[in-house]
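# Reading the structure
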Amino acid sequence: MSTKANKQMIAAYDNTLLGILQNEAGLEPFLDVIFGFLFRRTDFYRTMTSPKQRFGFYPGVAEKMVLSYFKKYHNLVLDAEAKNEAVQASKATEPGHKHIEESCAVQEKTLKAKPSSKEPTKTSSELRNSSEKASTKSDKTAVKEISGRTPEQNRENPTSTKNDQTTFQSNPDSYNGAIRDKYSWSQNYDDVDVKIPIGKSVKKAKQVFVDIQRNHLKVLVKPEETDEFETIIDGDLQHEVSRLESMWSLEAQKHIDITLTKEKNIWWSMLVLGEDEIDIQKICPERSMADMDEEEVAVINKLKFDDHQKKLGLPQSHELKVHDMLKKGWDAEGSPFKGQEFDPKMFNVSPGGVE
């Protein structure tokens, strides 16, 4: 939020939330209050079981929503830490520091150059053969760590999952999207999320290159054992995205997460041009309550309230509205019911009779 009004609103929120945090005296009970509120007042924990259901979320979607906001602010912390490391690195490369580092490097090189008297000296042929074997092993390991499979497995089975939308829908990482050879992608009404598995050797952000443009996405990864980056994604996006609102984060040794904010609220049939299209007819293009405006949310909450009251045999919202009006005249001067307890059962209110 960048406007002055929004900054004032954030300050007001912070004061309210700070009061709750101080009252609860700990982060865990504070989080329990927040998630308890979602339980009591929203459909956050309700599971959507069919496309006709107008509330709740499909399995895994709510958890993914929480994780995406955690990663959003965690990414801000990582950026701040990276800037701090850059400042420390720039100080370390000053002339005085550089001279010390070069002296240490020369001494280390000299020590390594001395042969050990306990180890037999290898011939040039043996050294060349061992070097070639190590190089071949390193190349295979690097490829396997990025994609999760060896080159031989890639040739035998180029895709790990059939192009089956039913299978994609059962996985939160490919919900309304697809699983591809080196990544998976999912989407909702506003965003496209891309998840790229990485190897154990990918530990730092400098080993990853992500370039998000309005209509192009490029992702490169470099394992520690290699000097070159491997291309994971390099293609034009099917539709344009908001470059400023899109972001990415790295979970070291596990995966890269990319969130692309759609420029237009339309459903994508592919992530980048040239890949197989998904079957749009088989996805679930419903909007979550988080994507709706206040009026739409109010209507859905009213329907949920009425359904709950009906199951309990209690007055629904339209009946309660009429009862409030009738109560005002119940005890008015000249009313035959004055002094008696209000009895709503005396009135039969139809839904169409109230606006």
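See the structure above.
Residues numbered from 1 in each chain as written. Predicted model: local features only at pLDDT ≥ 70, side-chain atom pairs only at ≥ 80, totals over all residues. Heavy atoms only, no water.

## Focus: the nonpolar core
What counts here: In this description, a nonpolar core means a group of buried Ala, Val, Leu, Ile, Met, Phe, Trp, Tyr and Cys residues linked to one another through side-chain atoms lying within 4.5 Å. Each residue gets one of three labels from its accessible area relative to the maximum for its type: buried under 20%, exposed over 50%, partly exposed in between, using a 1.4 Å probe on protein chains only. The contact rule is simple, with two residues in contact once any of their heavy atoms fall within 4.5 Å.
Counting residues in hydrophobic clusters, the biggest one holds 30 residues, and the most contacted among them are Ile233, Ile258, Leu260 and Leu271. For leucine 271, the residues in contact, after removing those within four places along its chain, are Tyr183, Trp185, Val192, Val194, Ile233, Asp236, Leu237, Gln238 and Leu260.

## Here's the deal with the pattern of salt bridges
For clarity, the threshold we go by: Within this document, salt bridges are pairs made up of a side-chain nitrogen of Lys or Arg and a carboxyl oxygen of Asp or Glu, the two lying within 4 Å of each other. Numbering of helices and strands runs from the N terminus, with a helix taken as a DSSP run of H or I at least four residues long and a strand as a DSSP run of E at least two residues long.
One pass over the structure, following the stated rule, counts 7 salt bridges. In this structure, the salt-bridge partner of lysine 71 is aspartate 257, at a minimum N-O distance of 2.3 Å. With lysine 71 in helix H3 (residues 61-92) and aspartate 257 in strand E8 (residues 255-262), the pair connects residues that are 186 residues apart, well separated along the chain. Residue classification places aspartate 257 among the buried positions, given a relative accessible area of 13%. Each of Arg214, Glu240 and Glu263 takes part in a single network of salt bridges with overlapping partners.

## Some words on unusual backbone geometry
Phi is mostly negative for residues that are not glycine, and the peptide bonds are mostly trans. Phi is positive for alanine 25, which is not a glycine, with a value near 60°. Here alanine 25 shows up in the loop between helix H1 (4-24) and helix H2 (27-41). Positive phi is not limited to glycine here, since glutamine 253 has a value of about 65°. Looking at the secondary structure, you find glutamine 253 in the loop between strand E7 (241-251) and E8. Exposure remark for glutamine 253: the relative accessible area of 32% places this residue in the partly exposed category.

## Looking at the sheet that holds E7
For the record, the criterion: We treat two strands as partners when DSSP finds at least two bridges between them.
Across the sheet, 5 strands lie side by side as E1-E2-E3-E8-E7; this open sheet has antiparallel pairing. For this open sheet the edge positions go to strand E1 (178-179) and E7, each flanked by a neighbour on one side alone. Relative to E8, strand E3 (residues 191-197) runs antiparallel, the two being bridged by 7 bridges. What sits directly across from valine 192, in E8, is leucine 260.

## Quick look at the sheet that holds strand E6 (residues 230-236)
Condition: Only the stretch in contact is used when a helix axis is fitted, and all axes are lines through C-alpha atoms; the angle between N-to-C directions ranges over 0 to 180 degrees.
Strand order in the open sheet formed by 3 strands is E4-E5-E6, with antiparallel pairing between adjacent strands. Unpaired on one side and paired on the other, strand E4 (208-212) and E6 mark the two borders of the sheet. Along the sheet, successive strands turn relative to each other by an average axial angle of 0°, direction set aside. Sheet topology places strand E5 (residues 216-221) next to E6; 6 bridges connect them, and they run antiparallel.

## Some details on the side chain of glutamine 207
Relative to the assigned elements, glutamine 207 resides in the loop between E3 and E4. Sequence-distant contacts of glutamine 207, that is, excluding residues within four places in its chain, are made with Ser201, Val202, Leu220, Val221, Lys222, Pro223, Glu224 and Phe229.

## Thoughts on the packing of aromatic side chains
Quick note on the threshold: Any two rings among Phe, Tyr and Trp, with Trp reduced to its six-membered ring, count as a pair given centres within 6.5 Å; such a pair is stacked if its planes are under 30 degrees apart, edge-to-face if over 60, and tilted if neither. Charge-over-ring placement is defined geometrically: NZ (Lys) or CZ (Arg) within 6 Å of the ring centre, and within 35 degrees of the ring normal.
Enumeration over the complete set of coordinates arrives at 3 aromatic pairs. Arranged with centres 6.3 Å apart and planes meeting at 65°, the rings of phenylalanine 39 and tyrosine 45 form a pair that is edge-to-face. Take phenylalanine 39: its relative accessible area is 60%, and that puts it in the exposed class. Joined through ring pairs, the aromatic side chains of Phe39, Phe44 and Tyr45 make up one cluster. Lysine 262 extends its terminal NZ or CZ atom over the ring of tryptophan 267, reaching a point 4.7 Å from the ring centre.

## Let's talk about the environment of glycine 56
Along the chain, glycine 56 turns up in the loop between H2 and H3. For glycine 56, a relative accessible area of 6% gives the class buried. Along the chain, glycine 56 and aspartate 43 lie 13 residues apart, while their C-alpha atoms are 5.1 Å from each other. Setting aside chain neighbours within four positions, we find glycine 56 in contact with Asp43, Arg46 and Met48.

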